[in-house]
Structures are given as C-alpha cells and as structure tokens.
Amino acid sequence: MNKIDKCTNGEVVDFDDGHIPLICKLRNFKTRIVQNQVRQASNFFSVYENAVDPALASLIYDASVKLNGRPWGTYHYLAVKVVAQFIISRVGDAISSDYSKIHGTAVWALSASPKSEVQYHIDYAELVRYETNIIYPPIYAGTLHCSNMGDGEIVGGKFEANLEGLSHYEKVGYKGKKLSTDPTEFLEKDRSSSSAWMSVPYRFNRGIFHDGDLPHLSTRIEALPADKKRVIVGLNMFGHDCGPSAMHAPEHSNAFNRQVKLYQLMAKTEGKNGLDSGGGCKKGLNLGLIKENKALSKLLVLAKREKVKQELRLEAEKLDGIILGMGTRGEKCKCSVKFLIEECQKCTKEDENAPNETTIHIHINQMIRTGKLRVVRVEGEEVGVGGGNLVQVDEIVCCC
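Read on for a plain summary of the structure. The shown structure was predicted, so the numbers you read here are calculated from the model rather than taken from an experiment.

## Concerning the nonpolar core
Soluble, globular proteins show a tendency: their nonpolar side chains are buried together. The biggest cluster of nonpolar side chains holds 31 residues, and the ones touching the most others in it are I60, F86, Y140, F209 and V233. Here this core takes seven residues from helix α3 (residues 78-91), the largest share from any one element. When neighbours within four sequence positions are excluded, F86 is seen to be in contact with Y48, A51, V52, K81, V91, T143, G207, I208, F209 and L235. I323, C335, C344 and V391 belong to the second largest nonpolar core, which has 15 residues in total.

In structure tokens form, the structure reads like this:
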C-alpha cells in the first residue's frame, strides 16, 4: 500500500476529475493530485523524427502485433533500448538536469485497429490511485510510433495534447466526465478553437516527448492498410515517491493487470456489505467474504506470491550491490567467502528482514554459478562449484 501524503517533488492538493475508482469510493478516499512537480523544461512539448534505430521500431511492432491486440508493459530487452535511444540519446540535454528526480521509466506498447481511439486523459501511476486515490502524474511522458507506413496510409490516429495542463484537465475531467455536453463534440470544438492544442500526425519512427501532466488523446483511426496495426510505445518517467509502485507492477504488465483485477474484485466483495451513512463500507473485507469468492482468493494468493518474489529480487539486488561494490570501496579484489558474508551482514543489519548467514552464503554460491564471482585457489587456480554443494567459506573469491 502506498502512503503518499507528502511528496519530495511537488505538492499534494485536493482535486476533482469526475472519477473515483470504486474501491476508493467504498473506502471514502478523497481525490487528490500531485501538482507543481519541478522540472528543467516548462511547458515542454517536442517532436523527434527518426527517434530510434528503425530496426528497433520494427522489432517493437512485430512483438506487439503478435499479442493480438493485448498491450505489454514493463518498467524500464526492447524497453531498455527505447529509453537509451530515444530519451537519453535524442531528448538528452533538454531534461538532463532532471535525471536525479527520476526513479525510472515505465514502458508499454499498444496495437490498435481501425475505429479505435484513446479518450482524453492524463497519465498517472494507476496503482497509486487504486490504493490511495492520489493522481500522481509522471514528470515526463513520451510516445514512439512503430508502424512502418508511408504518409497518408493511416487516416486519423493523431496524437493531440493540451498545453494548459492540469487546469484544462480539471475543467474537462477524466474522459470528459465533468462536461455537461457530449465529450466528443466538446473536444472537437475545443481543438478547432484553441491554440493550446498540439496535434501530431502518426509517422513511422516519430517520437513525441512532453511534460507528464499534459492531458492528451488519440483521434479515431479511420483507415489503415489491411495488413497493418497502429503500434505505439508509451513512456512515463516517474519520480521517487511513486516510482517503486510502477516498478513493482508496470502499467499493462501481467503483474499490473492482476493487481487491478484484484482491487476490482475486492471492491465488488466489499460492496456486498452495503454502505454506511458516510458512503463507505460498513465492515470492509473479511475472511468469510474472501472464502466465498474463489476468484478473489486465487488473486490474493497470486499477489502474495508476487510480493514475495519481488522482495527476493530486491534482496538479491542489494547483496549483489554490496559484494560487487567492494572493488569501488577499495576492498581487496580477492577475499574469502566468510569475509563477504560478514560484510553483507554488517551492511544489512538495520534492515527489517535482514538476510541470515545461510541466505547470504546461498546467494554468493548463485553469483558464482552465474559468473558474477570467480572462486580461485591461493595459487590462482580457478575452480567451479559443482553439484548441490555450497562453496566453502574459506575459499578465496575474486569479486572484481
């Protein structure tokens, strides 16, 4: 569960976008938003041609259409290349002073067919909103066009964003929910009369990069070549407060979809209890209700397993950092396994769930098996670790 009452970049204020996730409504969570995030570029919106290696864009296209319309998402193989080639190499200096504010980049891809569109919205950390009803936009956002089509082959499917930012979003609301008129008609008139709208036609290997809290949409795709899909990659660069949540379950990833489904089922189950006089749940979620709902029970088990896996991954990364970082701290390049265990225990002794000696010993063994460490005899003869045995604590390890 996220607890973001204060943020290190920006301020949390009350807000109304006309939308409250059901689970937040049942729990009486008021809507708030993080605004005024400090960044190098103000009102930043830029278009980049030849944004990445065309071969990379084509690889993304092929990977996306194989999913038959299902999106994919990850935090930070293809996704890393997009960040490196587009954001770091092309956008580069325009946001370089903001790198310290950025925890990481959520990357996803969507493939679309004719007659589809993306409704007006702002990007935000969706799990944070499900858990807190706080709207937490990314610091920056981007889009990459990956379908290799010539100009004119696609009709519609334009990316359009409003430079008025959150003030415009507050007026229109999530997917136009605050409007008294038809959202489609209102936005069409607004786009034709306001200079604040930026409109960017779809073109292969075109990248768009902008402030993360700009409201935007994608116009209806009227026509595509018969054998093509409109594929885009979306990028959200989140700050340190909500970045860990996005990393744990990046939007459109299997972990994210499972977590959203879990919250939706929890909301339906809690709603069976009815609402109290304040509009919130009378009793909340209890064990009996969980047992009655087999789908919810299964998702809770899967969520617990995923949490344990994530904790193990983070623990492994920390131990890797301690051991492999010794060379940069001036430690000897060769040392005993026992020495490594003791150092890891020193560095993790304040952790709530500090790994014990056996856990660290097993992790060192795994690092040897995966080539991160080498075991050597005193005379320099390399040895391997075979069978199911752990490397002996008096063995000498090369950790550089």
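What follows continues from the structure just given.
## A short note on α3
Helix length check: α3 (14 residues) gives 18 Å between terminal C-alpha atoms against 20 Å at 1.5 Å per residue, within 8%. Those residues of α3 not exposed but buried are L78, A79, V82, V83, F86, I87 and V91. Positive backbone phi, approximately 45°, marks G92, located one or two places after α3.

## Examining empty space enclosed by the protein
Size it by volume and the second largest cavity reaches roughly 30 Å³. Taken together, the residues that form the lining of the second largest cavity break down as four nonpolar, one polar and two charged.

## Here's the deal with the packing of aromatic side chains
Throughout the structure, instances matching the rule amount to nine aromatic pairs. Considering the side-chain rings of F86 and F209, the 6.1 Å spacing of their centres and the 90° angle between planes classify their relative orientation as edge-to-face. Of this pair, F86 sits in helix α3 while F209 sits in strand β12 (residues 207-211), and the two are 123 residues apart along the sequence. With centroids separated by 6.1 Å and ring planes inclined at 25°, the aromatic side chains of Y120 and Y169 adopt a geometry described as stacked.

## Things to note about the pattern of salt bridges
Under the criterion given, the structure shown has 13 salt bridges. For D213, the salt bridge identified is with R39, shortest N-O distance 3.0 Å. Of the charged contacts in the structure, one is a salt bridge between K346 and E343, with a shortest N-O distance of 3.4 Å. Linking K346 with E343, this pair stays in helix α11 (residues 337-348), spanning three residues, or about one helical turn. According to the relative accessible area criterion, K346 is exposed, its value standing at 55%.

## Things to note about the packing of helix α2 (residues 54-65) against α3
Where α2 meets α3, the closest approach of the two axes is 11 Å, and the angle between their N-to-C directions is 145°. As α2 runs across α3, the sense of the crossing is left-handed. In this structure, α2 contributes L56, L59, I60 and A63 to the contact, and α3 contributes L78, K81, V82 and Q85.

Quick notes on the rules
- Residues numbered from 1 in each chain as written.
- Predicted model: local features only at pLDDT ≥ 70, side-chain atom pairs only at ≥ 80, totals over all residues.
- Heavy atoms only, no water.
- Core = buried A, V, L, I, M, F, W, Y, C linked by side-chain atoms within 4.5 Å.
- Buried < 20%, exposed > 50% of the residue type's maximum accessible area, 1.4 Å probe, protein only.
- Helix = DSSP H or I, 4+ residues; strand = E, 2+ residues; numbered from the N terminus.
- Contact = heavy atoms within 4.5 Å.
- Expected span 1.5 Å × (residues − 1).
- 1 Å grid on protein atoms, 1.4 Å probe; cavity = no way out; pocket = protein on both sides within 12 Å on 5 of 7 lines; lining within 4 Å.
- Points joined across faces, edges and corners; volume = space filled by probe spheres on them.
- Nonpolar A, V, L, I, M, F, W, Y, C, P; charged D, E, K, R; others polar.
- Phe/Tyr/Trp six-rings, centres within 6.5 Å; stacked < 30°, edge-to-face > 60°.
- Salt bridge = Lys/Arg side-chain N within 4 Å of Asp/Glu carboxyl O.
- Axes fitted to C-alpha atoms, helices over the stretch in contact; angles between N-to-C directions.
- Left-handed = near helix turned anticlockwise from the far one by under 90°.

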